[in-house]
Amino acid sequence: MTTRKVKWMTMLVALLVSLSLGAALPATGIAQERGLENLRQTGQAFRSVAKKVSPAVVFIQVEKELGGQNVGEFLFPFDDDFLRRFFGDAPQFKFRSPKNLPQKRREVGQGSGFIISADGYILTNNHVVGDADKVRVKLQDGRQYTAEIVGTDPPTDLAIIRIDEHDLPYLRLGDSNRLEVGDWVLAVGNPFGLSHTLTAGIVSAKGRSGIGINDYEDFIQTDAAINPGNSGGPLVDLDGRVVGINTAIFSRSGGYMGIGFAIPINMAKRIREQLVEHGRVTRGRIGAYIQELTPELAEAFKLDKAEGIVVARVMDDSPAQKAGLKQGDVILRMDGKKVERVTRFRNRIAFTAPGTRVRLAIVREGKHKTIDVTVGKLETDQQGKPTETGELAKLGLSLQTLTPELAERLDYEGETGVLVTEVAAGSIARIAGIERGDLILEIDRKPVSTPAQVRKLLQNGGKNHLVLLRHGENSRYLSLKLDD
């Protein structure tokens, strides 16, 4: 190759390199600008949602008067197992009353809510307003009102309150079933009393249940920052439609740690309708205890795969028994839809109107069958809790049979007993030392496994009963004295 050819080749290579570099630099700049523009558009979307949603989000302050005590504890906002579990133990301030006389005291709490109709109906959490004597509501524009409690539903932790006003801004309700993991969501509320705070995140999981917050759970999990005071506020999509009600956080410090839980708005819609119309919620029941179908159980039942749920027990004289459902049946479908988890099946039955006939597709001893069950009514008290009568009501006790799911959740696996779900304040049971979460193993040295057995032994065994309890890993005896 001649010197002239080498020179020309060198110049050509240099020209090509310079052209490639010159083209790369503008492309990088364009990519950066596009990235910034996408961020600007996201910010504009958040800004639009804030302007649309904030006027209908309210700040709620509540007061509750407590009875006299010699030594008391001030807990903020309320002395509530739910709050302690998810927000940690609040600072406790001991005080002594003058001359050791009982003193009345007031507790003050706060939370959030949002207006759902122009005539003043507001959706919030039961744990925000349920025990309050006085509820005050403050709007973004500074207007303040005293609210009335229309109805509460402790099993789902939802409540409806109302203020006497019209032509109010309100939020439109979306469809939580359409949410997907990864979707953008925004939480609006009043964390730590900081009014109308907006935080953004994504849906990090759906269908969370078995957490132990509510009786009926199907939570949306999000990483949008939620803190104490956000409870009852809306979780909205990028169109400003409500997809959930912010309810709890998982926290070891009392503050945000990246996991928050919201009640799906589709569940809340059903509750809202009944609370507004009746002030309480009516639920369905079929009277069967059910458990998850594990691969090991599927193999034991000689099933090809772990699909469906297992009937662990059928209650006497229940809709399930009358329809012919039996212990050991595996429920595959309800009204043609797959049954995949115990909690979801339980929720579907609970939200089915009593008197409705549902069709269950089951497997019994390897054979496929269909059974039609007429859903019954779950009898509850005014607070949505299963009712107790006779000796249990006198004692202030609410009991529940220990299901496999509850046993696993509460570390009572392998135990036989009756679970204490509620103990009334100031009741005979509370004074004797029985606590919520205790497992009653024996009454007068006789093992018990159902609430009915506990009732019978308490009715027929005199006025002083020896009770064996387990709480966690500890067991203890106590004396339970009935009033004449």
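The notes below deal with the structure included here. (Residues numbered from 1 in each chain as written. Predicted model: local features only at pLDDT ≥ 70, side-chain atom pairs only at ≥ 80, totals over all residues. Heavy atoms only, no water.)

1. Let's talk about the packing of aromatic side chains
Piece 1. This model, assessed by the stated rule, comprises 3 aromatic pairs.
Piece 2. Taking 5.7 Å as the distance between ring centres and 55 degrees as the angle between the ring planes, the aromatic pair formed by Phe-219 and Phe-261 counts as tilted. Placement of the pair is Phe-219 in strand S11 (residues 219-222) and Phe-261 in strand S14 (residues 260-264), with a sequence separation of 42 residues.
Piece 3. On the basis of relative accessibility, which here comes to 1%, the residue Phe-219 falls in the buried class.
Piece 4. Phe-261 gets classed as buried once you look at its relative accessible area, which sits at 5%.
Piece 5. When the ring centre of Tyr-121 is taken as reference, the NZ or CZ atom of Arg-162 above it lies at 5.1 Å.
Piece 6. Positioned above the aromatic ring of Tyr-216 is the side chain of Arg-346, whose terminal nitrogen or guanidinium carbon lies 4.5 Å from the ring centre. (Phe/Tyr/Trp six-rings, centres within 6.5 Å; stacked < 30°, edge-to-face > 60°. Helix = DSSP H or I, 4+ residues; strand = E, 2+ residues; numbered from the N terminus. Buried < 20%, exposed > 50% of the residue type's maximum accessible area, 1.4 Å probe, protein only. Lys NZ or Arg CZ within 6 Å of the ring centre and 35° of its normal.)

2. Description of the environment of Val-62
Piece 1. Tracing the chain through its elements places Val-62 in strand S1 (residues 57-69).
Piece 2. Among the residues examined, Val-62 registers a relative accessible area of 2% and is labelled buried.
Piece 3. Residues Val-62 and Asp-133, spaced 71 residues apart in sequence, show a C-alpha to C-alpha distance of 7.4 Å.

3. Comments concerning a negative patch on the surface
Piece 1. Taken together, the side chains of Glu-292, Glu-408, Asp-411, Glu-413 and Glu-473 make up a negatively charged region of the molecular surface.
Piece 2. Position of Glu-408 among the secondary structure elements: in helix H9 (residues 404-409).
Piece 3. Relative accessible area serves as the criterion here: at 51%, Glu-408 is assigned to the exposed category. (Patch = residues over 30% accessible without salt bridge, like charges linked within 9 Å, V, L, I, M, F, W, Y side chains within 5 Å. Areas by Shrake-Rupley, 256 points an atom, 1.4 Å probe, with all protein chains shown as cover. Salt bridge = Lys/Arg side-chain N within 4 Å of Asp/Glu carboxyl O. Lys, Arg positive; Asp, Glu negative; His and termini not counted. Charge placed at Lys NZ, Arg CZ, Asp CG, Glu CD.)

4. Remarks on the side chain of Thr-199
Piece 1. Position of Thr-199 among the secondary structure elements: in strand S10 (residues 197-208).
Piece 2. When its relative accessible area of 18% is taken as the criterion, Thr-199 is described as buried.
Piece 3. From its side chain, Thr-199 meets the backbone oxygen of Ala-225 in a polar contact 2.8 Å long.
Piece 4. Those residues in contact with Thr-199 that sit more than four places away from it in its chain are Val-185, Leu-186, Ala-187, Ala-224 and Ala-225. (Polar contact = N/O pair within 3.5 Å; in protein donor to acceptor, adjacent residues only side chain to side chain. Contact = heavy atoms within 4.5 Å.)

5. Side note on the nonpolar core
Piece 1. If you look at the biggest cluster of nonpolar residues, it comprises 46 residues, and the most contacted ones within it are Ile-60, Leu-123 and Val-137.
Piece 2. Ranked by residues supplied to this core, first place goes to helix H4 (residues 265-278) with 5 residues.
Piece 3. For Ile-60, the residues in contact, after removing those within four places along its chain, are Gly-109, Gln-110, Gly-111, Ser-112, Gly-113, Thr-124, Val-128, Val-129, Val-135, Arg-136, Val-137 and Ile-161. (Core = buried A, V, L, I, M, F, W, Y, C linked by side-chain atoms within 4.5 Å.)

6. A few points about the pattern of salt bridges
Piece 1. Counting across every chain of the model gives 13 salt bridges.
Piece 2. Among the salt bridges present, the one from Arg-136 reaches Glu-63, with a minimum N-O distance of 2.9 Å. With Arg-136 in strand S6 (residues 134-138) and Glu-63 in strand S1, the pair connects residues that are 73 residues apart, well separated along the chain.
Piece 3. Judged by its relative accessible area of 30%, Arg-136 falls in the partly exposed class.
Piece 4. Judged by relative accessible area, which is 18%, Glu-63 ranks as buried.
Piece 5. When the shortest N-O distance is used, the salt bridge between Lys-322 and Asp-317 registers 3.8 Å.

7. Quick look at the pairing of strand S9 (residues 184-189)
Regular strands place their side chains on alternate faces of the sheet.
Piece 1. Counted residue by residue, S9 has 5 buried out of 6 residues, so it is predominantly covered.
Piece 2. As paired strands, S9 and S10 are joined by 6 bridges and run antiparallel to one another. Looking at S10, one finds that Ala-187 is bridged to Thr-199.
Piece 3. Summarising the sheet, S9 and strand S12 (residues 234-236) pair through 2 bridges and their orientation is antiparallel. Pairing of Leu-186 across the sheet is with Val-236, part of S12. (Pairing = 2+ DSSP bridges.)

8. A short note on the sheet that holds S9
Piece 1. Taken in spatial order, the 6 strands line up as S9-S10-S11-S14-S13-S12 and close into a barrel, and their pairing is antiparallel. Ignoring strand direction, the axes of neighbouring strands in this sheet form an average angle of 45 degrees.
Piece 2. By the bridge criterion, 3 bridges tie S10 to S11 in an arrangement that is antiparallel. Residue pairing for S11: Ala-205 is matched across the bridge by Gln-221.
Piece 3. Running at roughly 50 degrees to S14, H4 makes contact with strand S13 (242-249) and S14 of the sheet. (Axes fitted to C-alpha atoms, helices over the stretch in contact; angles between N-to-C directions.)

Any functional reading would require information beyond the geometric quantities listed.
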